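# Residue-level structure breakdown
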Amino acid sequence: GLGGLIKIRGDRCWRDLTCMDFHYETQPVPNPVAYFLHQSPWWVHRGETLGNHFVELVVPFFIFLGRRMCVLHGALQILFQVILIISGNLSFLNWLTMVPSVACFDDATLGFLFPSGPGGLKYRVLKMQEEAARGALAPLRYGCMVRRAVHLALAALVAWLSVPVVLNLLSPTQIMNTSFNPLRIVNTYGAFGSITKERTEVILQGTAAPNASSPDAVWEDYEFKCKPGDPGRRPCLISPYHYRLDWLMWFAAFQTYEHNEWIIHLAGKLLANDASALSLLAVNPFEGRAPPRWLRGEHYRYKFSRPGGPHAAAGKWWLRKRIGPYFPPVSLRDLEDYFRSREWPHPAVDVD
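The rules behind each value
- Residues numbered from 1 in each chain as written.
- Predicted model: local features only at pLDDT ≥ 70, side-chain atom pairs only at ≥ 80, totals over all residues.
- Heavy atoms only, no water.
- Helix = DSSP H or I, 4+ residues; strand = E, 2+ residues; numbered from the N terminus.
- Rg over C-alpha atoms; globule rule 2.2 N^0.38 Å.
- Buried < 20%, exposed > 50% of the residue type's maximum accessible area, 1.4 Å probe, protein only.
- Contact = heavy atoms within 4.5 Å.
- Areas by Shrake-Rupley, 256 points an atom, 1.4 Å probe, with all protein chains shown as cover.
- Lys, Arg positive; Asp, Glu negative; His and termini not counted.
- Charge placed at Lys NZ, Arg CZ, Asp CG, Glu CD.
- Core = buried A, V, L, I, M, F, W, Y, C linked by side-chain atoms within 4.5 Å.
- 1 Å grid on protein atoms, 1.4 Å probe; cavity = no way out; pocket = protein on both sides within 12 Å on 5 of 7 lines; lining within 4 Å.
- Points joined across faces, edges and corners; volume = space filled by probe spheres on them.
- Nonpolar A, V, L, I, M, F, W, Y, C, P; charged D, E, K, R; others polar.
- Salt bridge = Lys/Arg side-chain N within 4 Å of Asp/Glu carboxyl O.
- Disulfide = S-S within 2.5 Å.

### As for the overall build of the chain
Helix and strand counts for the chain come out as 16 helices and eight strands. Relative to the globule expectation of 20 Å for 352 residues, the C-alpha radius of gyration of the chain, 26 Å, shows a markedly less compact shape. Along the three orthogonal principal directions, the C-alpha set of the chain runs to about 90 × 50 × 50 Å. Across the 352 residues that make up the chain, the buried fraction comes to 41%. When contacts within the chain are restricted to residue pairs at least 6 apart in sequence, those whose partners lie at least 24 apart make up 67%. Accessible area for the chain stands at about 20,300 Å²; split by element, carbon and sulfur atoms hold 64% of it. Taking the average place of the 36 positive charges on the side chains of the chain and the average place of its 29 negative ones, the gap between the two points comes to 9 Å.

Here it is, written out as structure tokens:
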């Protein structure tokens, strides 16, 4: 519900049903399936967007429409999350979202999963239910009463904390990804309220040349573990695992390095051949050599290649075109004042 309202009130493409024309290509960390789904006809993408609205805006109300509709709600929500898992690397988000939907399936629905013979789990549960129906349950013990009281108190607390969340949900100026209390027990969340229409990437490059501006300087790319870099590298498949640095690089690419000072910190670590920073990357072009003298960030626009086209035939999953510099060439000496002003320890060169 929250995600659906965020979308329908947010980016216009959710209302004109064109968001899925872009999503597979521009999501944080695409997987191989996203490459092929992106090539689907326009009418498939329109259907995908309508399906998203149906599951996020209509299906949640099924919970209140009786047992069968509640079971249908759980099945549709889990199916929806499975589709999202298959079509992109959205870390553990979709796996966690499936967990509450399990509560939609009662014993009668899940009974086929358990043996029904005498002494089996299903048999014992049915016997307990029959005893409860006859009123043969033992009187509540003190510990059980205390537990129920604690449950009611927690329910009341969550209900009270949820008031501003519900008011935000009903507001036409709904806020996404916000906490309304210091306990952070109840929050608002909504993914992809707006969709980026083109994919840009920051490519970190280093050179051993003494002069960064020399036309003879050879710049070599650092490769991350999952985010797009080398156009010929197949998109990764990591869900439910999460490469946080790769995810942050996606955000950095449609902002500037002034908004993401941590990327300059990373550049300093790479200039120093820092082992912990390099462990977060897939390819260090200076492995076994002295670290680079200069490091820069280049800004590129990326697009999926088309299956059957000349670029795909050449083994390229991506096409990329340079936009310009993301941050200029820097050396360890250049970064001394930058690090000092932010009270960061200046990286020492790792000679191992």
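From this point on, the discussion continues.
### Remarks on the nonpolar core
Within the largest apolar cluster, 27 residues are counted, with the highest numbers of intra-cluster contacts made by Leu204, Tyr222, Leu270, Leu295 and Phe327. When residues of this core are traced back to their parent elements, those giving at least two are β3 (199–207), α12 (244–253), α13 (262–271), α14 (275–278), β8 (318–330) and α16 (336–341). Residue contributions to this core peak at six residues, all from α13. The residues touching Leu270, leaving out its near neighbours within four places in the chain, are Leu204, Tyr222, Ala277, Leu278, Leu281, Pro291, Pro292 and Leu295.

### Considering unusual backbone geometry
A cis amide bond links Ser239 with the next residue in sequence, Pro240, at an omega value of 10 degrees. For Pro240, the location among the structural elements is in the loop between β5 (223–224) and α12. Its identity is not glycine, yet Leu17 carries a phi of approximately 65 degrees, on the positive side. If you trace the backbone, Leu17 turns up in the loop between α2 (12–15) and α3 (20–26). Its relative accessible area of 19% is what places Leu17 among the buried residues. Positioned with a positive phi, Glu343 is a non-glycine residue whose angle comes to about 60 degrees. Structurally, Glu343 can be placed in the segment after α16. Assessed through its relative accessible area of 72%, Glu343 is described here as exposed.

### Points about empty space enclosed by the protein
Overall, the coordinates contain two cavities of 30 Å³ or more when judged by the stated rule. There is about 50 Å³ of room inside the largest cavity. Lining the largest cavity are Pro30, Cys226, Lys227, Pro228, Gly229, Asp230, Arg233, Arg234, Pro235, Cys236 and Trp318. A class-by-class count of the residues in the lining of the largest cavity yields six nonpolar, one polar and four charged. In this structure, the second largest cavity spans a volume of roughly 40 Å³. Val29, Asn89, Ser91, Ile238, Tyr241, His242, Tyr243, Asp246 and Trp247 together form the lining of the second largest cavity. Classifying every residue of the lining of the second largest cavity by side-chain character gives five nonpolar, three polar and one charged.

### Quick notes on the pattern of salt bridges
For the structure on display, the rule yields 13 salt bridges. One salt bridge connects Lys227 with Glu201, and the closest N-O pair in it is separated by 2.9 Å. In this pair, Lys227 is assigned in the loop between β5 and α12 and Glu201 in strand β3, connecting sequence segments 26 residues apart. The exposure class assigned to Glu201 is buried, which follows from its relative accessible area of 1%. The residue Arg296 makes a salt bridge to Glu298 at a minimum N-O spacing of 3.9 Å. Residue Glu298 is classed as buried on the basis of its relative accessible area of 3%. Sharing partners across several salt bridges, the network here consists of Arg199, Glu201 and Lys227.

### A closer look at the state of the cysteines
What the rule picks out here adds up to two disulfides. Across the disulfide from Cys13 sits Cys19; the S-S distance is 1.7 Å. Judged by the torsion about the S-S bond (65 degrees), the Cys13/Cys19 disulfide is right-handed. Cys19 gets classed as buried once you look at its relative accessible area, which sits at 0%. At a sulfur-sulfur separation of 1.4 Å, the disulfide partner of Cys226 is Cys236. Of this pair, Cys226 sits in the loop between β5 and α12 while Cys236 sits in the loop between β5 and α12, and the two are 10 residues apart along the sequence. This pair shows no difference in class: Cys226 is buried, exactly as Cys236 is.

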